[in-house]
Amino acid sequence: MALLTPEDLEDLLNKLNANNDIIKGATGEDISQICEEAYGTKPGNQKVGIVPITAGNGIIGNFSASLLAITEYFGLEGFITEHPDMTGYYEAVAGGADIILMADDHIFIAHNLSNGKIATNHICTGVIYSEIASRYKHADSKDVLVIGLGRVGYAGASHLVKKGFNVYACDPNTEFMNKAIEELGVNAFDIEKPRKFSMVFEATPNANTISEGMIAERCLVSTPGIPCALPDDLVEKYDIDLVMEPLVIGVAAMLYSIF
Ligand code: 2YH
């Protein structure tokens with residue numbers, strides 16, 4: 001999985017506002033409303049403790065500060081612990097945190113200490129980006145294309161199957177592909193035989209995974225992937241509603257899923 005860089009996290013709330021406008025135009029609802037409906041929860045007066053983690057590649061500049069900005073954006077009080085790792089965890093709990101946010105290179109979790117619920121960023125990101133795609137108001141059918149069946153893509157494909165969509169999926173990894181066919185019953189999308197979709201959920205760490213043959217005129221592409229899956233010229237040519245943002249939408253889903 002790609003690690004975020006400090007540059008990805010610059011100007012985060014402006015990026016969120018731009019995406020929220022697109023989400024609202026494309027689905028009729030903004031990210032808070034979609035999270036509320038998807039998880040059946042609302043923010044309360046939870047206090048969020050953010051613990052920087054030094055393991056592996058270490059602390060990412062802007063990461064904890066971004067989590068604090070997101071926490072506050074959704075109306076919650078938060079704080080970043082002075083120390084990282086175990087000492088920070090102790091500090092967060094002793095400081096009255098109801099929810100702990102922390103990430104190493106492999107997993108990013110939100111843990112609600114009051115109700116015991118725990119969420120991972122990869123599952124929540126898959127669920128919320130696929131949920132956004134599935135709400136496209138100009139959709140021409142219940143067919144959705146999922147590109148990438150790693151941890152995020154699989155979670156999104158699973159969510160869409162449960163919601164009753166016809167999921168077409170592709171991944172160059174045949175093990176991932178077979179697992180999704182056997183466990184979820186997705187249809188294999190053959191890139192040699194292109195067909196056009198009005199809803200696309202993309203979850204790969206690669207650029208240009210979306211080609212002209214896959215997208216309908218006027219479609220919604222929902223992707224947490226960095227870099228962007230969609231070549232710039234296609235966004236204009238096909239009048240695409242592109243939802244793409246590095247952190248806030250996934251973290252919003254994590255929080256709502258554990259309220
Ligand atoms: O970026 C990551 C991982 N790729 C998981 C994110 C899932 N989209 N982890 C962030 C590491 C943060 C660092 N340990 C810190 O600053 O605390």
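Residues numbered from 1 in each chain as written. Predicted model: local features only at pLDDT ≥ 70, side-chain atom pairs only at ≥ 80, totals over all residues. Heavy atoms only, no water.

Neighbouring the ligand are 14 residues, the closest being Ile53, Ile60, Ala103, Asp104 and Asn121. Classifying every residue of the shell around the ligand by side-chain character gives 10 nonpolar, 2 polar and 2 charged. (Near = heavy atom within 4 Å. Nonpolar A, V, L, I, M, F, W, Y, C, P; charged D, E, K, R; others polar.)

Looking now at the nonpolar core. Counting 59 residues, the largest nonpolar core has Ile31, Leu67, Phe108, Leu247 and Ile249 as the members making the most contacts within it. It is helix H9 (residues 248-258) that contributes the most residues to this core, 9 residues altogether. Mapping this core onto the domain boundaries places at least three of its residues in each of domain 1 (12-120 + 251-258) and domain 2 (123-245). Setting aside anything within four residues of it in sequence, one finds Ile249 in contact with Leu16, Asn19, Ile23, Ile31, Ile128, Tyr129, Ile132 and Val243. Formed by 19 residues, the second largest nonpolar core is a distinct cluster that contains Ile147, Leu230, Leu234 and Leu242. (Core = buried A, V, L, I, M, F, W, Y, C linked by side-chain atoms within 4.5 Å. Buried < 20%, exposed > 50% of the residue type's maximum accessible area, 1.4 Å probe, protein only. Helix = DSSP H or I, 4+ residues; strand = E, 2+ residues; numbered from the N terminus. Domains from an automatic or database assignment. Contact = heavy atoms within 4.5 Å.)

Turning to the UniProt feature "domain: Pyrrolysine biosynthesis protein PylD N-terminal" (unreviewed entry) in the protein, a few remarks are in order. Here the UniProt-annotated "domain: Pyrrolysine biosynthesis protein PylD N-terminal" (unreviewed entry) positions come out as residues 9-118. Here residues 9-118 runs as 42% helix and 17% strand, with 24 Å between its end C-alpha atoms. (UniProt positions renumbered as here; feature names shortened; annotations may be inferred.)

The next thing to look at is the sheet that holds strand S11 (residues 241-244). Across the sheet, which stays open at both edges, the 6 strands sit in the order S8-S7-S6-S9-S10-S11 with parallel pairing between neighbours. The outermost strands of the open sheet, each flanked by one partner alone, are strand S8 (187-188) and S11. Note that strand S10 (residues 215-223) and S11 share 4 bridges and pair parallel. Within the sheet, the bridge partner assigned to Leu220 lies in S11 and is Asp241. Along the sheet, helix H1 (residues 12-27) contacts S10 and S11; its crossing angle with S11, the most-contacted strand, is approximately 135 degrees. (Pairing = 2+ DSSP bridges. Axes fitted to C-alpha atoms, helices over the stretch in contact; angles between N-to-C directions.)

Attention now moves to the state of the cysteines. Within the structure shown, the criterion is met by 0 disulfides. Here Cys124 is not disulfide-linked; the sulfur of Cys35 is the nearest cysteine sulfur, at 8.9 Å. Free cysteine Cys170: the closest other cysteine sulfur is in Cys219, separated by 14 Å. (Disulfide = S-S within 2.5 Å.)

At 3.6 residues per turn, the α-helix brings residues three or four places apart onto the same side. Here helix H7 (residues 174-184) has its buried residues at Met177, Ala180 and Leu184. With its buried residues spanning 80 degrees around the axis, H7 presents them on a single face. Opposite the buried face of H7, by more than 90 degrees, sit the exposed residues Thr174, Glu175, Glu182 and Glu183. Where H7 is buried, its residues contact helix H6 (151-162), strand S7 (166-170) and S8. Two or three places before Glu175, at the start of H7, stands the capping residue Asn173, its side-chain oxygen 2.9 Å from that residue's backbone nitrogen. Two residues or fewer past H7, Gly185 is found with a positive phi of approximately 75 degrees. (Arc of directions from axis to C-beta. Polar contact = N/O pair within 3.5 Å; in protein donor to acceptor, adjacent residues only side chain to side chain.)

This part takes up the domain arrangement of the protein. The domains assigned to the protein are domain 1 (12-120 + 251-258) and domain 2 (123-245). A straight line from the C-alpha centre of domain 1 to that of domain 2 covers 25 Å. With 22 residues of domain 1 at the interface, the matching set in domain 2 holds 16 residues. With both sides pooled, the region where domain 1 packs onto domain 2 buries about 1600 Å², and carbon together with sulfur makes up 61% of that total. When residues of domain 1 are sorted by the area they lose upon contact with domain 2, Asn19, Ala26 and Thr120 head the list and together hold 28% of the total. (Buried area = accessible area lost by both parts, 1.4 Å probe.)

What follows concerns the sheet that holds strand S4 (residues 108-112). One open sheet holds the 5 strands; their spatial order is S2-S1-S3-S4-S5, and the pairing between them is mixed. Of all strands in the sheet, those with a lone pairing partner are strand S2 (77-80) and strand S5 (118-120), marking the two edges. On average, each strand axis in the sheet is inclined to that of its neighbour by 15 degrees, with strand direction left out of account. Note that S4 and S5 share 3 bridges and pair antiparallel. Considered in S5, the bridge of His111 is made with Ile118. Together, strand S1 (47-50), S2, strand S3 (99-103) and S4 form the strand contacts of helix H3 (residues 63-73), whose direction differs from that of S2 by roughly 170 degrees. Sheet contacts for helix H4 (residues 85-94): S1, S2 and S3; angle to S3, the most-contacted strand, approximately 160 degrees.

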